[in-house]
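One letter stands for each residue in the lines below.
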Amino acid sequence: SSSNNVKIIQLKEQTEVLGELFELIYTAHIERSENIRLVTLALAAKKYLVHEVQEACIEKLISILKVANAVEFLKLARASGFEELKEKALAFIVR
């Protein structure tokens, strides 16, 4: 029977994060600019292969890059594997 092929996937992210991720899939509009929230959303998007949302979050992080957060962003980018953010943060620090 076909019911034997059904798989249940447990989503480990918080409901709020998943809600925002689904909203971004449909709206492509990022309202929040909290660094940790953007990184969390980018990671969830990466995990679930929602590349457009991941790229939008990374672009938003790059757009708010400044002296005060460049080192933090570099660490987050290295830990998360976000190469573009890592390169931009590193370039910002080196200047």
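Our subject in this report is the structure included herewith. (Residues numbered from 1 in each chain as written. Predicted model: local features only at pLDDT ≥ 70, side-chain atom pairs only at ≥ 80, totals over all residues. Heavy atoms only, no water.)

## With respect to the overall build of the protein
Put simply, the rule is: Only runs of H or I of at least four residues qualify as helices and only runs of E of at least two qualify as strands under DSSP, and these elements are numbered from the N terminus. Only protein chains enter the accessibility calculation, which uses a 1.4 Å probe. A residue is then buried if its area is under 20% of the maximum for its type, exposed if over 50%, and partly exposed in between. It only takes one pair of heavy atoms within 4.5 Å for two residues to be counted as in contact.
When helices and strands are counted, the protein shows five helices and zero strands. Scored against the burial criterion, the 95 residues of the protein give a buried share of 34%. For the protein, contacts bridging at least 24 residues in sequence account for 51% of all contacts bridging at least 6.

## Some points on unusual backbone geometry
Although it is not a glycine, L49 sits at a positive phi angle of roughly 60 degrees. Along the chain, L49 falls in the loop between helix 2 (35-47) and helix 3 (51-63). The class of L49 is exposed, set by a relative accessible area of 62%.

## A few points about the side chain of Q54
For Q54, the position within the fold is in helix 3. By relative accessible area, which is 17% here, Q54 ends up buried. The residues contacting Q54, other than those within four sequence positions of it, are A42, A45, K46 and F82.

## Here we look at the side chain of S80
Quick note on the threshold: Throughout this description, a polar contact denotes any pair of N or O atoms lying within 3.5 Å of each other; where both atoms belong to protein, one of them has to be capable of donating a hydrogen while the other can accept it, and for residues adjacent in sequence the pair is counted only when both atoms sit in side chains.
Take S80: it is sitting in helix 4 (residues 70-80). Of the polar contacts made by the side chain of S80, one reaches the backbone oxygen of L76; its length is 2.8 Å. Residue contacts for S80: discarding those within four places in its chain leaves V39, L43 and K46.

## Brief notes about helix 3
Spelled out, the test is: To estimate how far a helix should extend, the number of its residues minus one is multiplied by 1.5 Å.
A rise of 1.5 Å per residue sets the reference length of helix 3, with its 13 residues, at 18 Å; its end C-alpha atoms lie 18 Å apart and thus fit the reference within 8%. Those residues of helix 3 not exposed but buried are V53, Q54, C57, I58, L61 and I62.

## Description of the packing of helix 2 against helix 4
Stated precisely, the cut-off is as follows: Axis definition: a line fitted to C-alpha atoms, limited for helices to the stretch in contact. Angles are taken between N-to-C directions and run from 0 to 180 degrees. Relative orientations are named as follows: roughly parallel for angles under 35 degrees, roughly antiparallel for angles over 145 degrees, roughly perpendicular for angles from 65 to 115 degrees, and oblique for any other angle. Two helices cross in a left-handed way if the nearer one is turned anticlockwise from the farther one by less than a right angle. They cross in a right-handed way if the turn is clockwise. Polar here means any residue other than Ala, Val, Leu, Ile, Met, Phe, Trp, Tyr, Cys and Pro, which are nonpolar, and Asp, Glu, Lys and Arg, which are charged; Gly is therefore polar.
Put simply, helix 2 and helix 4 touch, their axes get as near as 12 Å, and they point 15 degrees apart. In terms of orientation, helix 2 lies roughly parallel with respect to helix 4. Classified by chirality, the crossing of helix 4 by helix 2 is right-handed. When helix 2 is examined against helix 4, the residues N35, V39, L43 and K46 are found in contact with a partner set consisting of E72, F73, L76 and S80. Its residues assigned to classes, the contact of helix 2 with helix 4 comprises four nonpolar, two polar and two charged.

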